[in-house]
Each structure stands twice: as structure tokens, then as C-alpha cells.
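Results of the structural survey
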Amino acid sequence: MTPILGISGSLRKGSFNTALLKAAQQLLPGAIELADIRDIPLYDGDVESAGTPDPVLDLQQHLSAASGLLLATPEYNNSVPGVLKNTIDWLSRPSGDLKNLFSGKPVAVMGASPGGFGTVMAQSAWLPVFRSLGARHWSAGRLMVSGAGRVFDSNGDLADEQMKQRLEQFVKEFAVFCEG
């Protein structure tokens, strides 16, 4: 099976969303490859016209080879985080042989939040983005982690057994969707 590409929309070292992706990776060894978006520059058409930056090209190659894309999105002001939206904007740009990386690409969105709504607004805000890119959004499952400070331990490990089971089911079902 070709790995699923996992991207966290948070740059924070103690990010609950990065921890959620790492937990998913541990629950399904070999099925998820994590990408770091820290070096993706702000999208700028002038930069693009001078040549797509290497970190973007590298991430585009990983997405092209992946069986699907799994986003772990924070929720900022009831919407998507700018750094993750910027990354998706760069990934949507054609580079060399890579034209439309999202066309037919399976995409799932999950998220963790210290608040009570577990990124429900951010997850909903991603729908029109992926629809316009032609991705195959997996809508059979939703994973919203509320009260993330109680679900993860002080090391950033997923400590809640019920949430581990939900995450494992979510990722396994998305992996099957990616194969089909």
C-alpha cells in the first residue's frame, strides 16, 4: 500500500494536531507518512514565476506519490489556519510534470482543539476548497477531538483509550477509501 500523506496545520511544537497525526501513524504503522510544512513560503506569484521553491516541489512529489491526503487541522477564528491554507494553495499550483495533484485524490480532514467543538467549523470550511480542487473528499467519517488537553498526556501522546479506538477506526476506513 502506498502511504497516505499526513499534514498538520499547526507549526507549534506542542501541537495537538501534530500529536493526533503521530498517534494515527503509530496506530497504522507504515500507512502514513508525515510532512512538515514549516519551510513552505507564503504563496507569491512573483516567487512562483522565478521557480517553485524546493520545499514546495518536495511536498508536491510526496503528495503525487501518496494514496491520499490526511489533514489534521486546527481551527482559528472558526475557519482554517492560514499556514495550512497557504500550503494547499502552493500544492494546487502546477509544477513541471505535476499538473493537478488534487484531481481525484482522496482527502480526509480531522482535527483537535482544546475547546469544546473539536474543529467542526474548520473541517466544514475545507469542504469547498477540496471540492473546487477536484479532490475525493472522504465524508464517511469525521474525527473531531474536543478538550484535547485532557485527551493527550504531557508528552503529547494520545492517552484516551476511547479516542485511540475512534482514531484507529477513522484511519483504517480512510485507508480503505484510498485503495478503492
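Below or above, wherever it landed, is the structure these notes cover. Nothing here was measured: the structure is a model prediction, and the numbers come from that model. (Residues numbered from 1 in each chain as written. Predicted model: local features only at pLDDT ≥ 70, side-chain atom pairs only at ≥ 80, totals over all residues. Heavy atoms only, no water.)

Here's the deal with the packing of aromatic side chains
According to the stated counting rule, one finds eight aromatic pairs in the structure shown. Ring centres 4.9 Å apart and planes at 70° place the aromatic pair Y43 and W90 in the edge-to-face group. Here Y43, found in the loop between β2 (32–35) and α2 (45–50), pairs with W90, found in helix α4 (residues 82–91); they are 47 residues apart in sequence, far enough to count as distant. A relative accessible area of 33% means that Y43 is categorised as partly exposed. Plain terms: the ring middles of W138 and F170 are 5.0 Å apart, the flat faces sit at 65° to each other, and that makes the pair edge-to-face. Of this pair, W138 sits in the loop between β5 (136–137) and β6 (143–145) while F170 sits in helix α7 (residues 161–179), placing them 32 residues apart in sequence. Each member of the pair, W138 as well as F170, carries the same accessibility label: buried. An aromatic cluster of at least three residues, connected via ring pairs, comprises W138, F170, F174 and F177. The positively charged end of R12 is found above the aromatic ring belonging to F16, 5.5 Å away from the centroid. The side chain of R136 reaches across the aromatic face of F177, ending 4.4 Å from its centre. (Phe/Tyr/Trp six-rings, centres within 6.5 Å; stacked < 30°, edge-to-face > 60°. Helix = DSSP H or I, 4+ residues; strand = E, 2+ residues; numbered from the N terminus. Buried < 20%, exposed > 50% of the residue type's maximum accessible area, 1.4 Å probe, protein only. Lys NZ or Arg CZ within 6 Å of the ring centre and 35° of its normal.)

Thoughts on the side chain of S95
You can see S95 is positioned in the loop between α4 and β4 (106–112). The residues touching S95, leaving out its near neighbours within four places in the chain, are T52, L57 and Q60. (Contact = heavy atoms within 4.5 Å.)

Structural notes on helix α5 (residues 120–133)
For an α-helix, 3.6 residues make a turn, and residues three or four places apart therefore share a direction. Over its 14 residues, α5 runs 21 Å from end to end, which matches the ideal 20 Å to within 8%, given 1.5 Å per residue. Of the positions making up α5, those classed as buried are A122, Q123, W126, V129, F130 and L133. Structurally, α5 contributes buried residues whose contacts are with β3 (69–72), α4, β4 and β6. Two residues or fewer after α5 comes G134, characterised by a positive phi angle close to 80°. (Expected span 1.5 Å × (residues − 1).)

A closer look at the pattern of salt bridges
One pass over the full model with this rule turns up four salt bridges. Among the salt bridges present, the one from K85 reaches D89, with a minimum N-O distance of 2.5 Å. Residue K85 and its partner D89 are both found in helix α4; the two are separated by four residues, about one turn of the helix. Assessed through its relative accessible area of 28%, D89 is described here as partly exposed. (Salt bridge = Lys/Arg side-chain N within 4 Å of Asp/Glu carboxyl O.)

Remarks on the packing of α4 against α5
Packing of α4 against α5 brings their axes to within 12 Å, and their N-to-C directions diverge by 5°. In terms of their interaxial angle, α4 and α5 are classed as roughly parallel. Contacts between α4 and α5 involve L84, K85 and I88 on the former and, on the latter, W126, V129, F130 and L133. (Axes fitted to C-alpha atoms, helices over the stretch in contact; angles between N-to-C directions. Parallel < 35°, antiparallel > 145°, perpendicular 65-115°, else oblique.)

Some thoughts on the nonpolar core
Among the nonpolar cores identified, the biggest contains 28 residues, and L70, M110 and L167 are the most heavily contacted of them. Elements that contribute at least two residues to this core include exactly α1 (16–27), β3, β4, β6, α6 (148–151) and α7. Grouped together as the second largest cluster of nonpolar side chains are 26 residues, I88, L101, W126 and L133 included. (Core = buried A, V, L, I, M, F, W, Y, C linked by side-chain atoms within 4.5 Å.)

Observations concerning the pairing of β2
In terms of strand pairing, strand β1 (residues 4–8) meets β2 through four bridges, oriented parallel. Within β2, the residue paired with I4 across the bridge is I32. The parallel pair β1 and β2 is bridged by α1, and the resulting crossover is right-handed. (Pairing = 2+ DSSP bridges. Right-handed = clockwise from strand over helix to strand, strands pointing away.)

What about the pairing of β1?
Across the five residues of β1, five count as buried, placing the element largely inside the fold. Residues I4, G6 and S8 of β1 are buried on one face, and the alternating residues L5 and I7, pointing to the opposite face, are buried as well. Bridging between β1 and β3 involves four bridges; their strand directions are parallel. Bridging from a neighbouring strand, S8 pairs with A72 of β3.

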